[in-house]
Amino acid sequence: MEHLIQRQSGYYFRLIIPPDLKPIFRTNEIKRSLKTGSLSLAKERAFLLSGRLKKLFRRLRYNGSMKLEKHHIDGLIKKYVRETLESDEEERLILGPVPDDVQKDLMESFKYFEDHTRYILRTNSLEEIEPVVDMRILEPNNLEADKDSYEYKKLSRETVKANIPIARIQMRREQGDYSDDNVDYYPGQEGPEVSQVTPQQEPEPQPSGPSLKTLLDKWFQENTKANSWSPRTHQRYDGNFRIILQILGDDCPIDSVDHGTVRDLKDTLLKLPAGMNKKTAFQGKTVPEIIELNETRIHAETLSVSTINAYLTTLGAFFKWCVGNDYMSQNYADGFKIKTSRTRKRPDETRQAFTTDHLNQIFNAPDYTEDK
């Protein structure tokens with residue numbers, strides 16, 4: 001599925017920021033853990049998260065162009081350098097072999113372009129670069145700026161500076177030298193001799209604990225050996241955890257479990273049809289597919305509050321054992337049971353008190369007044 005990445009710790013959501021919005025977010029992508037090892041649950045969460053972000057993107061674009069600000073400039077220049085070099089490389093592919101005399105003319109053109117660029121910087125004649133700034137940088141990124149503003153002048157000058165390393169790279173590539181690949185050019189740099197290699201991101205910490213299924217098997221083994229459960233309790237726990245693992249996933253790492261995991265579990269249980277594993281229509285389907293099918297076509301009764309609370313109680317008992325054995329720092333299932341009131345009734349269920357007329361009708365009836 002789009003936007004979904006699988007790692008040992010579970011599934012992650014990843015969405016590339018649209019080019020026109022990157023100056024706002026100041027990052028190329030959004031990535032976050034979905035806190036589950038279940039593919040079906042990860043798909044459901046990724047779908048919801050993707051929808052929210054795309055709605056945000058539409059809202060950001062709604063008011064039209066955005067004002068150019070200082071923090072936009074570095075990102076815009078990097079993008080300009082990258083796209084210019086990519087366009088240059090595409091032209092090489094289209095043109096094919098270049099004769100020696102044409103290559104000589106190209107090298108002289110690059111040298112002239114670099115010299116002229118230095119002249120623009122020395123004289124600060126930025127008017128020449130304005131068409132490039134407007135059509136190649138501002139318009140594609142849905143930005144606007146007053147040409148007399150500091151930001152526009154800064155962007156124009158940085159664009160001129162960026163043309164120097166662009167010209168040098170083009171000259172080297174014309175001679176077959178691609179040693180500049182994977183090098184990140186910052187505004188004002190003039191080539192690999194003064195550039196910096198893009199630092200690699202530190203890998204995200206991965207949960208290293210055992211999976212829920214592994215610990216559940218251990219919990220069951222301990223209590224079975226100690227004869228702690230009656231056969232009925234063992235059967236109830238086994239049935240409950242079949243559903244829980246169907247939602248969270250057998251390979252869900254214990255280290256990834258938190259309050260959000262239990263909250264999402266409860267939200268899913270509230271939508272599940274009762275006896276879903278016994279209905280033919282639901283066989284072989286994922287939990288999100290079962291929920292969608294039931295809501296759109298089957299319309300079977302969903303799990304009762306008492307059943308949902310039974311699942312959460314079972315999960316809490318297991319988490320209590322995990323805390324006692326140092327697999328968890330706290331019982332994340334505490335406080336998630338649905339609160340009910342046995343004494344509270346709906347108005348239509350409340351029994352009204354007998355009036356005097358009612359009592360007279362009852363006790364003056366023939367069954368009471370006639371001799372037996």
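How each quantity is defined
Residues numbered from 1 in each chain as written. Predicted model: local features only at pLDDT ≥ 70, side-chain atom pairs only at ≥ 80, totals over all residues. Heavy atoms only, no water. Helix = DSSP H or I, 4+ residues; strand = E, 2+ residues; numbered from the N terminus. Contact = heavy atoms within 4.5 Å. Salt bridge = Lys/Arg side-chain N within 4 Å of Asp/Glu carboxyl O. Buried < 20%, exposed > 50% of the residue type's maximum accessible area, 1.4 Å probe, protein only. 1 Å grid on protein atoms, 1.4 Å probe; cavity = no way out; pocket = protein on both sides within 12 Å on 5 of 7 lines; lining within 4 Å. Points joined across faces, edges and corners; volume = space filled by probe spheres on them. pLDDT = per-residue confidence, 0-100. Expected span 1.5 Å × (residues − 1). Phe/Tyr/Trp six-rings, centres within 6.5 Å; stacked < 30°, edge-to-face > 60°. Core = buried A, V, L, I, M, F, W, Y, C linked by side-chain atoms within 4.5 Å. Axes fitted to C-alpha atoms, helices over the stretch in contact; angles between N-to-C directions. Parallel < 35°, antiparallel > 145°, perpendicular 65-115°, else oblique.

Draft legend 1. View of the side chain of Asn294. Take Asn294: it is sitting in helix α10 (residues 287–298). Among residues more than four places away in sequence, those in contact with Asn294 are Pro273, Phe282, His299, Ala300 and Thr302.

Draft legend 2. Representation of the pattern of salt bridges within the structure. All chains considered together, the criterion is met by 14 salt bridges. Taking the shortest distance from any N to any O, the salt bridge between Arg168 and Glu114 comes out at 3.2 Å. Of the two residues, Arg168 sits in helix α6 (residues 150–174) while Glu114 sits in helix α4 (residues 100–123), which places them 54 residues apart along the sequence. For Arg168, a relative accessible area of 21% gives the class partly exposed. We note a salt bridge from Lys147 to Asp134, for which the minimum N-O separation is 3.1 Å. Of this pair, Lys147 sits in the loop between β5 (143–144) and α6 while Asp134 sits in helix α5 (residues 130–138), placing them 13 residues apart in sequence. Looking at Lys147, the relative accessible area reads 38%, which means it is partly exposed.

Draft legend 3. Highlighting empty space enclosed by the protein. The final tally for this structure, using the stated rule, is one cavity of 30 Å³ or more. By volume, the largest cavity is sized at about 30 Å³. Along the walls of the largest cavity sit Leu76, Lys79, Tyr80, Glu83, Arg136, Ile137 and Asn141, which together make up its complete lining. Listed by contribution, the elements that provide at least two residues to the lining of the largest cavity are α3 (73–95) and α5. Residue contributions to the lining of the largest cavity peak at four residues, all from α3.

Draft legend 4. Structural detail: the confidence of the model for the protein. This prediction gives the protein a mean pLDDT of 78; 79% of its residues lie at or above 70. Within the model, the stretch residues 186–207 combines pLDDT values under 50 with 41 contacts to residues more than four positions away or in other chains.

Draft legend 5. Broad picture of α6. Compared with the 36 Å implied by 1.5 Å per residue over 25 residues, the 36 Å span of α6 between its first and last C-alpha is a close match. Across the 25 residues that make up α6, a large majority, 18, are buried. One or two steps after α6, the chain reaches Gly176, where phi turns positive at roughly 90°.

Draft legend 6. Layout of the packing of aromatic side chains. The tally for this structure, following the rule as stated, stands at 12 aromatic pairs. Ring geometry for Phe220 and Trp229: centres 5.1 Å apart, planes at 85°, overall edge-to-face. Note on Phe220: relative accessible area 13%, which makes it buried. When the ring of Phe220 is compared with that of Phe241, the centres are 6.5 Å apart and the planes differ by 80°; the resulting orientation is edge-to-face. You can see Phe220 sitting in helix α7 (residues 212–225) and its partner Phe241 sitting in helix α8 (residues 231–248), a full 21 residues away along the chain. No difference in accessibility class separates Phe220 from Phe241, as the two residues are buried. Grouped by ring-pair contacts, the aromatic residues Trp219, Phe220, Trp229, Tyr237, Phe241, Phe318, Phe319, Trp321 and Tyr327 constitute a single cluster.

Draft legend 7. Examining unusual backbone geometry more closely. The phi angle at Asn124 is positive, at roughly 60°, despite the residue not being glycine. With respect to the helices and strands, the residue Asn124 is situated in the loop between α4 and α5. The class for Asn124 is partly exposed, based on a relative accessible area of 44%. Located in the positive-phi region is Asp326, a residue other than glycine, with phi close to 60°. With respect to the helices and strands, the residue Asp326 is situated in the loop between α11 (305–324) and α12 (356–363). By relative accessible area, which is 70% here, Asp326 ends up exposed.

Draft legend 8. Spatial organisation of the nonpolar core. Leu212, Trp219, Ile247, Leu269, Leu272, Phe318 and Phe319 are the most contacted members of the largest nonpolar core, which has 40 residues in total. Elements represented by at least two residues in this core include exactly α7, α8, α9 (259–271), α10 and α11. The element contributing the most residues to this core is α11, with eight residues. Discounting residues that sit within four places of it in the chain, Leu269 has contacts with Ile243, Ile247, Leu303, Ile308 and Tyr311. Core analysis: the next-biggest nonpolar cluster, separate from the first, contains 21 residues, Ile77, Tyr80, Ile120 and Leu143 among them.

Draft legend 9. Examining the packing of α5 against α6 more closely. α6 packs onto α5 with a crossing angle of 95° between their chain directions and a minimal axis gap of 10 Å. When the axes of α5 and α6 are compared, the pair comes out roughly perpendicular. Listed contacts from α6 to Glu130, Val132, Val133, Asp134, Ile137 and Leu138 of α5 are Tyr152, Leu155, Ser156 and Thr159.

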